[in-house]
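# Survey of secondary and tertiary structure
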Amino acid sequence: MNIQMVDVKSQYLKIKEEVDSGIQEVLDTTAFINGPKVKQFQQELAAYLGVKYVIPCANGTDALQIAMMAVGLKPGDEIIVPAFTYVATAEVIALLGLTPIMVDVDPDTFNVSIESIIHAISPRTKAIVPVHLYGQAANMEAIMEIAKKHHLYIIEDNAQAIGADYTFSDGRTAKTGTIGHIGCTSFYPSKNLGCYGDGGAIFTNDDELGDLLHKIANHGQSVRYYHDVIGCNSRLDSIQAVVLSAKLPHLDNYCDARRQVAEYYDKAFASIPQVQTPKRFPQSTHVFHQYTLRIKDGRRDEFKKYLDDHHIPSMIYYPVPLYKQEAFQPFARGIDYLEHTETLCKEVISLPIHTEMTDEQLEHIITIVQQFFD
Ligand SMILES: *Cc1c(COP(=O)(O)O)cnc(C)c1O
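As the structure is a prediction and not an experimental result, all values here were calculated from the model.

### Let's talk about the site of the ligand
- In the vicinity of the ligand, the contacting residues are Asn59, Gly60, Thr61, Tyr86, Ala88, Val131, Asp157, Ala159, Gln160, Ser186 and Lys191.
- Thr61 has a polar side-chain atom sitting 2.5 Å from an oxygen atom of the ligand.
- Within the contact set of the ligand, an oxygen atom lies 2.9 Å away from a side-chain nitrogen or oxygen of Gln160.
- Considering the ligand on its own, with 380 Å² of exposed area, one finds that the protein chains cover 92% of that surface.
- Grouping the amino acids of the shell around the ligand by side-chain chemistry returns 4 nonpolar, 5 polar and 2 charged.

Structure (structure tokens):
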């Protein structure tokens, strides 16, 4: 049986006509850069998210970098990030001469721990980057309270959670990525809203930041050849915008399809004591960018090899805490062990999850998994 972590091809076949004709239109008009298709997608995404400004850019890493460039930080300023995340989150901080302060995560939700944030705040702290890991929001209400109290910027890394809804204690809801001062996302092909190449976007409701983010992504100019600030060149191209416009109306259905897979897995694994299925954070819907198990008793690597041998794809997101990465040693002083980050790096494993999974594929995966623990 052919099973993939993500089946981009089968999903494409369902929207092929619209994608193909849209791409052909871009070719016919040669409006490859900053064309009407980009503007159209920008407006559609802003409406979907309920956010004032969407600034499309070249990829999710650029989105994070541009966000950090926009909040007026200077070398030595500290930004708090979870130690258990994709490297891009912390990489751009270091690249800009800022200091990433890596903190521990919550062992149940895998998202940044509020206690650890509070503990890490210093007079040099200027921002926090919560990552909505695997498709579920971090505790944004608590994080926004901390931000208010300490005058910090919140830059959400929403690369894995686009489409998720957050509910505040007063009943108000908002899409993840639109709660902090700036939200960032990636349209990498395997992401929940992925294009067919690289792409990303930045969100904000703040007029000044909206203007500045747009400028920074465009060589610091708002009028051509007049440069107000140091910027960079980061664009979403028209062909990618066409793909994203074709997919956006399906995003909620894509999220539902992923949730159904997750529920199927949850039921099947609930009775295996050595397996912890993903816990839900009640304030957030989960869009399951990844379905990530924790494997107890030190058997994760053995389990991974067993799945490989049975041709079931799986991935370890992430095997090494950021502060143990060679590149991050300059920022690792004073951190030697973050309990939950260390445990998760040894226990997590993500199983195939995507919008096109069949019951046969799921049954097959479940049978193989159950046999390992029998
Ligand atoms: C994918 C991802 C990014 C980076 O996105 P790219 O488009 O690959 O640059 C950043 N943060 C997280 C959490 C991601 O999963």
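So much for the structure itself; the text now carries on.
### Re the domain arrangement of the chain
- Splitting the chain by domain gives domain 1 (8-104 + 111-249) and domain 2 (250-373).
- Computed from C-alpha coordinates alone, the two centres of domain 1 and domain 2 are separated by 24 Å.
- At the junction of the two partners, domain 1 supplies 44 residues and domain 2 supplies 36 residues.
- Of the roughly 3400 Å² buried at the junction of domain 1 and domain 2 (both faces included), carbon and sulfur atoms supply 60%.

### Side note on the sheet that holds strand β9 (residues 200-204)
- Ordered in space as β1-β9-β8-β5-β4-β2-β3, the 7 strands form an open sheet in which the pairing is mixed. Edge strands, defined here as strands with exactly one partner in the open sheet, are β1 (53-57) and β3 (99-103). Shown here is a sheet whose adjacent strand axes are inclined to one another by a mean of 25°, direction ignored.
- As defined by bridge partners, strand β2 (residues 78-82) adjoins strand β4 (residues 125-128) across 3 bridges and the pair is classed as parallel. Bridging across to β4, Ile80 finds its partner in Ile128.
- Helix α4 (residues 60-70) rests against β1, β2, β5 (153-157), β8 (182-186) and β9 of the sheet, and its axis sits at about 160° to β8.

### Description of the state of the cysteines
- Summed over the entire model, instances satisfying the criterion amount to 0 disulfides.
- Unpaired in this structure, Cys184 has its nearest cysteine sulfur neighbour in Cys57, at a distance of 7.6 Å.
- As a non-bridged cysteine, Cys195 has Cys57 as the owner of its nearest cysteine sulfur, 11 Å distant.
- The exposure class of Cys195 is buried, given its relative accessible area of 0%.

### A short note on the nonpolar core
- Among the nonpolar cores identified, the biggest contains 38 residues, and Phe84, Tyr265, Phe269, Tyr291, Phe303 and Leu307 are the most heavily contacted of them.
- Elements with a contribution of two residues or more to this core: α10 (251-269), β13 (291-295), α11 (300-309), α12 (339-347), β14 (348-351) and α13 (359-373).
- With 7 residues, α13 is the single largest residue contributor to this core.
- Split by domain, the residues of this core number at least three in each of domain 1 (8-104 + 111-249) and domain 2 (250-373).

The rules behind these values
Think of each chain on its own: its residues are numbered from 1, step by step along the sequence as written. With the structure being a predicted model, the display of local features is reserved for residues of pLDDT at least 70 and the display and counting of side-chain atom pairs for 80 or more, all residues being used for whole-chain, interface and lining totals. Note: side-chain values were computed over all heavy atoms of the structure, leaving out hydrogens and water. Only a single heavy atom is needed: when it lies within 4 Å of a molecule or strand, its residue is near that molecule or strand. By the criterion applied in these results, polar contacts are pairs of N or O atoms within 3.5 Å in which, for protein atoms, one can donate a hydrogen and the other can accept it, and in which residues neighboring in sequence qualify only through two side-chain atoms. Each accessible area is a Shrake-Rupley result for a 1.4 Å probe, and residues are judged covered by the shown protein chains and nothing else. Polarity classes work like this: nonpolar for Ala, Val, Leu, Ile, Met, Phe, Trp, Tyr, Cys and Pro, charged for Asp, Glu, Lys and Arg, and polar for all others, with Gly in that last group. For each domain, the first and last residues come from an automatic or database assignment. Whether two residues touch is decided by their heavy atoms; if any such pair falls within 4.5 Å, the residues are in contact. Two parts placed together each lose some accessible area under a 1.4 Å probe, and the buried area is that loss summed for both. Whether two strands pair comes down to DSSP finding at least two bridges between them. Numbering of helices and strands runs from the N terminus; a helix is a DSSP stretch of H or I covering at least four residues, while a strand is a stretch of E covering at least two. For helices, the axis comes from a line fit to the C-alpha atoms of the stretch in contact; other axes are also lines fit to C-alpha atoms, and the angle between any two N-to-C directions lies between 0 and 180 degrees. Pairs of cysteine sulfur atoms within 2.5 Å are identified as disulfides in what follows. Summary of the burial criterion: residues with accessible area below 20% of their type's maximum are buried, those above 50% are exposed, and those between are partly exposed, where the area comes from a 1.4 Å probe applied to protein chains only. Throughout this description, the term nonpolar core refers to a set of buried Ala, Val, Leu, Ile, Met, Phe, Trp, Tyr and Cys residues connected via side-chain atoms within 4.5 Å.

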